[in-house]
Amino acid sequence: MSESELLPIFPLSNVVLFPRVKTPLHLFEPRYRQLARDVLQGARRIGMMVVRPEHVDEMPGDPPIFPIGCAGVITESHRLPDGRYNLVLLGEHRVRVAAEEPRIGSRLYRVARVIRLQDSYPEPERARVARLRAAITVDVAFLVRHAQPDRSRAFDPELFAGVDDETFVNAVANAFAFPAEEKQGLLEAEDVPQRYARLASALSFQRLELETTGGGRRHVH
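Residues numbered from 1 in each chain as written. Predicted model: local features only at pLDDT ≥ 70, side-chain atom pairs only at ≥ 80, totals over all residues. Heavy atoms only, no water.

1. Describing the overall build of the protein
Okay, so step 1: Counting its regular elements, the protein contains 5 helices and 6 strands.
Okay, so step 2: N-terminal to C-terminal, the α/β element order of the protein is β-β-α-β-β-β-β-α-α-α-α.
Okay, so step 3: Its C-alpha atoms give the protein a radius of gyration of 19 Å, near enough to 17 Å, the size a compact globule of 221 residues would have.
Okay, so step 4: Here the C-alpha coordinates of the protein stretch approximately 55 × 40 × 35 Å along the principal axes.
Okay, so step 5: Sorting the 221 residues of the protein into buried and exposed places 46% on the buried side.
Okay, so step 6: The long-range fraction of contacts in the protein, counting pairs at least 24 apart against all pairs at least 6 apart in sequence, stands at 70%.
Okay, so step 7: As presented, the protein carries roughly 11,400 Å² of accessible surface, and 52% of it is formed by carbon and sulfur atoms.
Okay, so step 8: Of the charged side chains in the protein, 30 are positive and 30 negative, and the gap between their average positions amounts to 3 Å. (Helix = DSSP H or I, 4+ residues; strand = E, 2+ residues; numbered from the N terminus. Rg over C-alpha atoms; globule rule 2.2 N^0.38 Å. Buried < 20%, exposed > 50% of the residue type's maximum accessible area, 1.4 Å probe, protein only. Contact = heavy atoms within 4.5 Å. Areas by Shrake-Rupley, 256 points an atom, 1.4 Å probe, with all protein chains shown as cover. Lys, Arg positive; Asp, Glu negative; His and termini not counted. Charge placed at Lys NZ, Arg CZ, Asp CG, Glu CD.)

So, in structure tokens, the structure goes:
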């Protein structure tokens, strides 16, 4: 049976957290200041969830969210004089929301029971992933050169030579400024090979768009 736990959740419309990747957060609403105070006194863990795009205008309330998100642990925190917080969250593993808990007492933020999801990596798929990783590396180098033509040496594939496959695909998915809904699709990939396939397709499309139009959007952070 899958492991479940209760997690405070932080719904955003434009941030997708991936396992093994760090993301900076700025918490300023009273309910999320309260969330930060509570989790920093406890397990330092938050469930990052993405608000469904058609409900972004409901952000001041409790908008519907995608059911799959990512649990993360706070690795750095700084409380500002006015009570806001700057945090760095490290993604741990994907989760699926089973049910939200009713608000109790003075708690302002949302809490959900979540089920941990595994990112499997079947041995027979590793050769295919190696080919996809090589294609992704070529496309990333091309897109970085296009976005930063004066820094053509900024991307060195050798920097990632020792990075394991899961960390690599999640880091690249995080680094490119895909629309949140597209990043959500990458997060929802059921295993590591599927995430590679989806990322390779997205990057290949961007490269083709640039090669055929000579312009287009620049998506590298």
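Now that the structure has been shown, we can carry on.
2. A short note on the nonpolar core
Okay, so step 1: Core analysis: the largest hydrophobic core is formed by 28 residues, its most contacted members being Ile136, Val172, Tyr196, Leu199 and Leu203.
Okay, so step 2: Secondary-structure elements contributing two or more residues to this core are helix H2 (126-147), helix H3 (165-175), helix H4 (180-187) and helix H5 (192-213).
Okay, so step 3: Counting residues in each nonpolar core, the second largest holds 19 residues, with Leu27, Tyr32, Tyr109 and Val111 among its members. (Core = buried A, V, L, I, M, F, W, Y, C linked by side-chain atoms within 4.5 Å.)

3. Describing the environment of Glu166
Okay, so step 1: Its location among the elements puts Glu166 in helix H3.
Okay, so step 2: Each C-alpha atom, one on Glu166 and one on Asp191, is 9.5 Å from the other, the two residues being 25 residues apart in sequence.
Okay, so step 3: The contacts of Glu166, once residues within four sequence positions are left out, are Pro19, Arg20, Asp119 and Val192.

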